[in-house]
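# Notes for the structure review
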Amino acid sequence: MNTSLRVNYNTFKNKPCKRTDGYNYVFYANNTNTTTANVDVRWNCSDNTEYCFAWVKPAWETAGQRYFAGSQNRFNYEGSHGTTVDFYGKKDENGNAEFGRVTPTGGAGGMKGWWFGKSSVKGSDIATVVQSMDIDDATGDCYFINAKNARSNGSLGAWGSAVSKAFPSLPISDDMLIMTRVAMGGAETHMYLTYGGHGSNMALTRYKGKVWIATGGYGTTTSTSPTKICLFPWSAGKGLDLRDGSYVKYLKVGYSGNMCYPAIDNDNRLFMVRSRSSSGDYFAVYDLDKVMASPETAKPIKEVFVAKGARKISNSSRKFLNSNDKGFKTWSDQGFTISGDYIYTYEGDGKDGYGSNPNPSTATDHDSKSVLIVNVINWRTGEYVQRSAILSSKVWTNMCSATADSGEPESMKIHRDATGRPFMAVGVRASRRSLARPLAAMPRTFTPPLSVPTAEASWPRRAAPR
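Conventions and cut-offs
- Residues numbered from 1 in each chain as written.
- Predicted model: local features only at pLDDT ≥ 70, side-chain atom pairs only at ≥ 80, totals over all residues.
- Heavy atoms only, no water.
- Phe/Tyr/Trp six-rings, centres within 6.5 Å; stacked < 30°, edge-to-face > 60°.
- Helix = DSSP H or I, 4+ residues; strand = E, 2+ residues; numbered from the N terminus.
- Buried < 20%, exposed > 50% of the residue type's maximum accessible area, 1.4 Å probe, protein only.
- Pairing = 2+ DSSP bridges.
- Axes fitted to C-alpha atoms, helices over the stretch in contact; angles between N-to-C directions.
- 1 Å grid on protein atoms, 1.4 Å probe; cavity = no way out; pocket = protein on both sides within 12 Å on 5 of 7 lines; lining within 4 Å.
- Points joined across faces, edges and corners; volume = space filled by probe spheres on them.
- Nonpolar A, V, L, I, M, F, W, Y, C, P; charged D, E, K, R; others polar.
- pLDDT = per-residue confidence, 0-100.
- Contact = heavy atoms within 4.5 Å.

All told, the structure shown has 9 aromatic pairs when counted by the stated rule. Ring geometry for Y282 and F305: centres 4.7 Å apart, planes at 50°, overall tilted. Of the two residues, Y282 is situated in strand β20 (residues 280-287) and F305 in strand β21 (residues 302-307); the sequence distance between them amounts to 23 residues. Measuring from ring centre to ring centre gives 6.1 Å for F320 and W331, while their planes differ by 45°; the resulting arrangement is tilted.

The buried fraction of strand β12 (residues 188-194) is high, at 6 of 7 residues. Bridge count between β12 and strand β16 (residues 239-241): 3 bridges; the pairing is parallel. What sits directly across from L193, in β16, is L240.

Turning our attention to the sheet that holds β21. The strand order across the open sheet formed by 4 strands is β18-β19-β20-β21, and the pairing between neighbours is antiparallel. Edge strands, defined here as strands with exactly one partner in the open sheet, are β18 (258-265) and β21. Neighbour-to-neighbour, the strand axes of the sheet open up by a mean angle of 20°, direction not taken into account. Sheet analysis places β18 next to strand β19 (residues 270-277), joined by 6 bridges and oriented antiparallel. Across the sheet, residue D265 finds its bridge partner in β19, namely L270.

It is worth spelling out the layout of surface pockets at this point. There is about 870 Å³ of room inside the largest pocket. Considering the residues around the largest pocket, the lining is formed by 36 residues, among which S332, D333, Q334, Y354 and E408 are closest to the centre. Taken together, the elements giving at least two residues each to the lining of the largest pocket come down to β18, β19 and β22 (333-339). Considering only residue class, the lining of the largest pocket consists of 6 nonpolar, 17 polar and 13 charged.

Okay, the side chain of D136 next. Looking at where D136 falls in the secondary structure, it is placed in the loop between β7 (130-135) and β8 (142-149). Since its relative accessible area comes to 2%, D136 is described here as buried.

Okay, empty space enclosed by the protein next. The full count for this structure, using the stated rule, is 2 cavities of 30 Å³ or more. A volume near 40 Å³ is recorded for the second largest cavity. Lining of the second largest cavity is provided by S173, D175, Y195, G196, G197, T220, T221, S223 and T224. Per-class residue counts for the lining of the second largest cavity are 1 nonpolar, 7 polar and 1 charged.

Take the sheet that holds strand β23 (residues 342-347) next. Within the open sheet, the 4 strands sit side by side as β22-β23-β24-β25. Their pairing is antiparallel. Pairing within the sheet leaves two strands with one partner each, and these edge strands are β22 and β25 (383-389). Within the sheet, the average angular offset between the axes of one strand and its neighbour, ignoring direction, is 20°. Across 6 bridges, strand β24 (residues 373-378) lies against β25 in antiparallel orientation. Within the sheet, the bridge partner assigned to N378 lies in β25 and is E383.

Across the protein, pLDDT averages 76, with 62% of residues at or above 70. Within the protein, strand β28 (residues 439-443) has the poorest average pLDDT of any element, 52, and β16 the best, 98. For the stretch residues 104-113, pLDDT sits under 50, and the model shows 27 contacts to residues farther than four places along the chain or on other chains. Scored below 50 in pLDDT, residues 432-438 makes 41 contacts in the model with residues more than four places away or belonging to other chains.

Okay, structure coming up:
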């Protein structure tokens, strides 16, 4: 049987289990006869956890197998897996771009060493670190967010003055956020956000034909600690006070913690908020469509707490981690995202260290390389299932080895390539002062290696009530 099965925009949602084996088969036939069947699941608009396709052979597989619509399998970021990619993804040997896009004709070039900001109201490079980024799957456009000082000792600096001149009625906080949209042709547009957070995480989704941005905000003049989740439509060239309720929607965070930031899973229609505390991190998962329609009344599907110090690393091939890791939150919280049943958080510091955290250049068994750790939490079961380091030489060594490179981890997102295969994209700071960040791409594991078990072994599992 040779066929291509497209299930775009499907409406399967909370389909009750009917079979004794616990699976809800949308497509099923004899393995031998259907090994050449392909499924395109890039634009599913449902929770993917309660149905599967079998036996099918997606373009990235060598044989037909049971396939859970990309929701149930974790990513392989250990050992030799992972590779660096150009700004819009380089093409593989088959001519497919890794993120479904090609390098823009305008010549943005590779991401490492690349700067933006000359099209801003300041007319010069932003020259601060990118805190987070996301990709619009519909167009391939990339969105970045940078924190920038606007005022020091009561006086506006160069960037604060430029933004104030461009938007005379815009209240200016001491620190602001500059967002950059880089289109496929390489053209840049910007938004200027005041009274925001630090930009530690942002995400985007499409709602009623527009790109909407979600990030933490509603800070004070002097503080970058966000107090609300802010949602607003992208508007090129706009200066925006994130306290402006006429343009911004707010999701109230109704649980403990501070430094609240959002993440979005567009595939599975999930919205998540992380909030931090001294004892651990809180995660609340929502229905994305309910959040976008009415953030003021949206309630979490599930809330999960992960305690500081959980899952200490002790058997890594990297001696420095075995000697210094104290478990969850040993190093700085960085980006995070959600995909299907799993929450992924990015943790670590550059090779120069940060604060009182174990310093890769001075602590016991130091090796002068940055710390890039991924934590994996199953939000449906509440289980903290994995904590391990990115050790691929292409990512950990090549991207962090140059003298000027910091290697600090920042952004983490999950997107699909041209064939529908999910990739985890993580950012690594390219230098001590540059905003530039290479991307590293890790494929999702469909044939599970021993080091990264997948959820298939623990199936069946029902989705939480919506």
